[in-house]
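# Structural characterization, general
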Amino acid sequence: MARRTIYVLNPSSRTDTGITEDMQRSLRWLVREDGPDIRCLTLSDGPNGIKNAGDSDKASPAILSFIERECEKPEVAGFVIACFSDPAVFSARELTAKPVIGIGEAGIMAGLALGDLVGTIGVSGGNPVKGLRFARRLGVRERVAGHVGLGLDYGQLQDPAVVENSLIKAGLALRDEHGADTIVFAGAGLARYVASLGAATGLPVVDPTQAAAALALTQAASTCG
């Protein structure tokens with residue numbers, strides 16, 4: 001039998017962001033010789049970037065099409081939807097008994113396991129309503145201290161110094177002004193900054209894609225054989 005695989009799906013069709021490649025690198029440490037492989041993919045039929053609720057809704061057809069096509073293959077162990085608003089998660093779970101995990105819920109819950117109040121940081125700027133609405137849907141709004149959007153465009157994401165400086169400024173604001181004692185990245189592809197942000201703030205920092213992939217691996221291991 002072929003090696004089992006967990007698919008991590010980037011539902012944005014943009015290929016100039018490096019997000020899919022960053023996710024793949026950040027998940028290497030989770031892969032063991034005797035366990036499932038992890039394969040990160042960009043869905044070419046997804047929207048050209050995901051910045052708002054409308055983009056998230058547009059991502060659902062591409063996600064569902066991929067999962068419906070792949071879920072019955074015996075070598076497929078599960079799926080991670082790498083968009084923080086968790087598009088299509090519930091519909092996808094109706095297609096398969098294999099684990100389908102959204103990075104939004106996995107990241108928030110991992111953050112809550114590490115502290116009392118979570119602060120979230122997103123790449124785009126603007127109104128924090130979208131993130132707080134998501135927290136209300138999860139039933140944990142009272143444990144989300146606040147959200148800071150970096151206001152960065154896709155080009156700026158290619159400059160690690162710009163991203164790191166912006167993340168540290170946001171993390172310190174969440175700690176000092178909002179009372180957060182845990183930080184969660186509200187997006188994919190930022191795992192490389194976990195250590196530097198943690199060192200700067202003294203707080204636990206969660207990359208949601210890593211949290212979701214670890215959960216998917218746990219579920220795959222418990223159902224194998």
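Refer to the structure printed above.
A brief structural summary. (Residues numbered from 1 in each chain as written. Predicted model: local features only at pLDDT ≥ 70, side-chain atom pairs only at ≥ 80, totals over all residues. Heavy atoms only, no water.)

For the rest of this paragraph, the subject is the pairing of strand β3 (residues 76-81). Burial within β3 is extensive, with six of its six residues counted as buried. When strand β1 (residues 5-10) meets β3, the two strands line up parallel, connected through five bridges. Each bridged residue has a counterpart across the sheet, and for Ile 6 the counterpart in β3 is Gly 78. Bridge count between β3 and strand β4 (residues 100-102): three bridges; the pairing is parallel. (Buried < 20%, exposed > 50% of the residue type's maximum accessible area, 1.4 Å probe, protein only. Helix = DSSP H or I, 4+ residues; strand = E, 2+ residues; numbered from the N terminus. Pairing = 2+ DSSP bridges.)

So, about the nonpolar core. The biggest cluster of nonpolar side chains holds 34 residues, and the ones touching the most others in it are Val 8 and Ile 108. Taken together, the elements giving at least two residues each to this core come down to β1, α1 (19-26), β2 (37-42), β3, α4 (103-112), α5 (129-138) and α8 (208-223). The element that contributes the greatest number of residues to this core is α8, accounting for six residues. The residues touching Ile 108, leaving out its near neighbours within four places in the chain, are Phe 84, Val 118, Thr 120, Phe 134, Leu 138, Val 140 and Val 184. With 18 residues, the next largest nonpolar core counts Ile 121, Tyr 154, Ala 170 and Ile 183 among its residues. (Core = buried A, V, L, I, M, F, W, Y, C linked by side-chain atoms within 4.5 Å. Contact = heavy atoms within 4.5 Å.)

What follows is about unusual backbone geometry. With glycine set apart, most residues show a phi of negative sign, and most peptide bonds adopt trans. At Asp 86, a position not held by glycine, the phi torsion is positive, near 55 degrees. Position of Asp 86 among the secondary structure elements: in the loop between β3 and α3 (89-93). Judged by its relative accessible area of 5%, Asp 86 falls in the buried class. Residues other than glycine seldom take positive phi values, yet Ala 88 does so here, at roughly 70 degrees. Relative to the elements of secondary structure, Ala 88 occurs in the loop between β3 and α3. On the accessibility criterion, Ala 88 (13% relative accessible area) is buried.

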